[in-house]
Amino acid sequence: MSIASTNLRAARSLPWGILGLGALTLACAPFFALGLQSLGAAWSTPEYSHGPLIPLISLYLFARELRHAPAHSSPQHTRWQGVVVIIAALAVAAFGDLAQIPDIVTYALIGWLMGVVLLVMGWQAGRHHWKPVLHLIFMLPLPQILYWKLTIALQLISSELGVALVRAFDIPVYLSGNVIDLGVYKLQVAEACSGLRYLFPILSFSYLFGILYRGPFWHKAVLFAMAAPLTVGLNSLRIGVVAILVNSYGIGQAEGFLHVFEGWVIFGAAIAILSFTAVGLQRLTPNPRPLSEALDLNYTRFAPELRRLTQIAPSRALMVALGLAALASAAWLALPRPEALPPARSDFSTFPRSIEGWQGEMRALEPQTVQVLGATDYLNAVYASPDRSAAVNLFVAWYADQTGGAGIHSPEVCLPVGGWEVSNFGPRSLTLPHRASFAVNRAVITKGLNRQLVYYWFDERGVAMINDWRAKLSVIVDGVTRGRTDGALIRYVTPIGPGENVSVADARLTKFIAHSLPRLGAYVPD
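Since the structure is predicted, the reported quantities are computational estimates derived from the model, not experimental observations. (Residues numbered from 1 in each chain as written. Predicted model: local features only at pLDDT ≥ 70, side-chain atom pairs only at ≥ 80, totals over all residues. Heavy atoms only, no water.)

A word on the packing of aromatic side chains. On inspection of all chains with the given rule, the structure shows 14 aromatic pairs. Ring centres of Phe32 and Trp112 lie 5.9 Å apart, and the angle between their planes is 55°; on these two criteria the pair is classed as tilted. Taken as a pair, Phe32 in helix α2 (residues 16-43) and Trp112 in helix α5 (residues 102-121) lie far apart in primary sequence, 80 residues in all. Note on accessibility: Phe32 and Trp112 belong to one class, buried. An aromatic cluster of at least three residues, connected via ring pairs, comprises Trp358, Tyr383, Phe438, Trp457, Tyr492 and Phe512. (Phe/Tyr/Trp six-rings, centres within 6.5 Å; stacked < 30°, edge-to-face > 60°. Helix = DSSP H or I, 4+ residues; strand = E, 2+ residues; numbered from the N terminus. Buried < 20%, exposed > 50% of the residue type's maximum accessible area, 1.4 Å probe, protein only.)

Here it is as structure tokens:
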């Protein structure tokens, strides 16, 4: 046998399909680098520490489904849908890269994986494997604006239910926002105690239960829908139990090992409740199964499915996808990246202490508040009126970059956490000298006998906005078109004196805004 024929036979025996798929992955990698870096950072936090387990579970689900997939290759003409999905995912990822929004890139990554499944298996077979791919959503961090809204909501609900449990034991307790006052001790239901770190793992397990469960579709829907109320209920139970133990045995019960141990107990309890629910739902069927049969867990044959990866057939669609991805990556890497220079601005430490007779006192925030705020620079000052009859608090948080998890926290979300009740919330038009009318958010907030009037808005590179969703969208658009993602929250607050008409407080705020706002131009760039 000649050397040439030996080399030809060796070349034919190479797994060209899996090699082509590997080359496609490498060609597409530059588009997803930002998202993968963001995932790694998110998985290092307690809320998303479960993240690395999600791809393994998805792989398990995919391997199980391969048992029923046809062994023969799909027709070549059914693979082109995968090429379209892959190119569309790369386009979305490129947009996320340009806007510097990692969340967009990570969601595009899941779309790309679905495209790879369609490319390798063909449309007819691949479209049935959407469940393992969709499960990957549970490994992704929430967009920042959703994260804060959900965290605050869970904090407040868990606090209310936890305090209800404490009161059921005839223990005197007072709740102000997310602060549980037991008299001698005060417990703050902080961000870490919101229950968010349990919600995503429990959602993932509920989804897994729904897939593995043998029964009607509505049973599966019930198992998945239980995740959110289970998280809230069990986390509230955890908070209530901690408060009862603290009341009886001291503040040490809320710290250290017991705090962590209770978290694991809650997570295990949620899985147990899901299991008992699955058994209970089976009782509603004509032929109920035990849990060991109600959940399709009888699968241990991973080796045959893994061997199928080496049998991926090369196809024209795979070669086209590889060629397009390689060209796109080459163009992407060669594309000049404009250097994002932060806009020139003055530091808030130099902001005037005296404004048209109003005398200001600068006040530093608590370190914990500064950490949660995450602002690049902030101003927190209280200005007394010239006659010292009233005061106005001016607070500005400026962010050089509102992507990658950083961004503005809306007072609409944060005020209730401090125990303030918000009323009369709505937009108000401000007309100031030398400036066109613009809208601000206006609210009257109450805590006990204290009332305050609040004006606030988002300054997004010179444009005043009152809607946090619109503000976030503008960051994405300007990040792509202008290369800027900076912005600020501007908030004015004044107390409403006993017997004082709210219109008087409105006039006071409007007057001080007219004096102070022009001075902010050097600190909040247009």
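For the structure on display, the rule yields nine salt bridges. Between Arg442 and Asp506 there is a salt bridge, with its nearest N and O atoms 3.0 Å apart. Here the residue Arg442 occupies a position in strand β9 (residues 435-447), and Asp506 occupies one in helix α19 (residues 502-516), the gap between them amounting to 64 residues. By the burial criterion, Arg442 is buried, and Asp506 matches it. Residue Asp478 is joined to Arg461 by a salt bridge in which the shortest nitrogen-to-oxygen separation is 2.6 Å. Here Arg461 lies in the loop between β10 (450-460) and β11 (463-465) and Asp478 lies in helix α18 (residues 468-481), a separation of 17 residues in the sequence. (Salt bridge = Lys/Arg side-chain N within 4 Å of Asp/Glu carboxyl O.)

Further remarks concern the nonpolar core. By size, the foremost hydrophobic cluster in this structure holds 40 residues, and its most contacted members are Leu61, Met139, Ile202, Tyr213, Leu223, Leu230 and Leu274. Those elements giving two or more residues to this core turn out to be α3 (53-65), α5, α9 (196-212), α11 (227-249) and α12 (256-282). Top contributing element to this core by residue count: α9, with eight residues. What Leu61 contacts, discounting residues up to four positions off in sequence, is Pro132, His135, Leu208, Ile211 and Leu212. Counting residues in hydrophobic clusters, the runner-up holds 32 residues, among them Trp398, Val444, Ala488 and Val502. (Core = buried A, V, L, I, M, F, W, Y, C linked by side-chain atoms within 4.5 Å. Contact = heavy atoms within 4.5 Å.)

Here we come to the side chain of Ser275. Within the secondary structure, Ser275 sits in helix α12. For Ser275, a relative accessible area of 15% corresponds to the buried category.

Turning to a nonpolar patch on the surface, a few remarks are in order. Residues Trp80, Ile87, Val320 and Leu324 make up a contiguous nonpolar surface patch of about 300 Å² in total accessible area. Among the secondary structure elements, those contributing two or more residues to the nonpolar patch are α4 (80-99) and α15 (316-334). With respect to the helices and strands, Leu324 occurs in helix α15. The partly exposed category is assigned to Leu324, whose relative accessible area is 39%. (Patch = residues over 30% accessible without salt bridge, like charges linked within 9 Å, V, L, I, M, F, W, Y side chains within 5 Å. Areas by Shrake-Rupley, 256 points an atom, 1.4 Å probe, with all protein chains shown as cover.)

Moving on to the packing of helix α8 (residues 144-168) against α18. Between two packed helices, the angle of one axis relative to the other and the distance separating the axes together describe the packing. It is at 11 Å that the axes of α8 and α18 come closest, and there the two elements cross at 155°. Accordingly, the angle class assigned to the pair α8 and α18 is roughly antiparallel. From α8, Gln144, Ile145, Leu146 and Lys149 reach across to α18, where they touch Asp468, Trp469 and Lys472. (Axes fitted to C-alpha atoms, helices over the stretch in contact; angles between N-to-C directions. Parallel < 35°, antiparallel > 145°, perpendicular 65-115°, else oblique.)

This next bit is on the pairing of β10. Across the 11 residues that make up β10, a large majority, eight, are buried. Looking at chain direction, β9 and β10 are connected through seven bridges and run antiparallel. The residue bridging Ala443 from the neighbouring strand is Val454, located in β10. Between β9 and the antiparallel strand that follows it, β10, lie two residues; Gly448 among them carries a positive phi value of about 65°. (Pairing = 2+ DSSP bridges.)

Despite not being glycine, Asp170 has its phi angle at roughly 60°, a positive value. Looking at the element boundaries, Asp170 is found in the loop between α8 and β1 (174-176). Although it is not a glycine, Glu356 adopts a positive phi angle of roughly 50°.

That is the geometry; function is a separate question.
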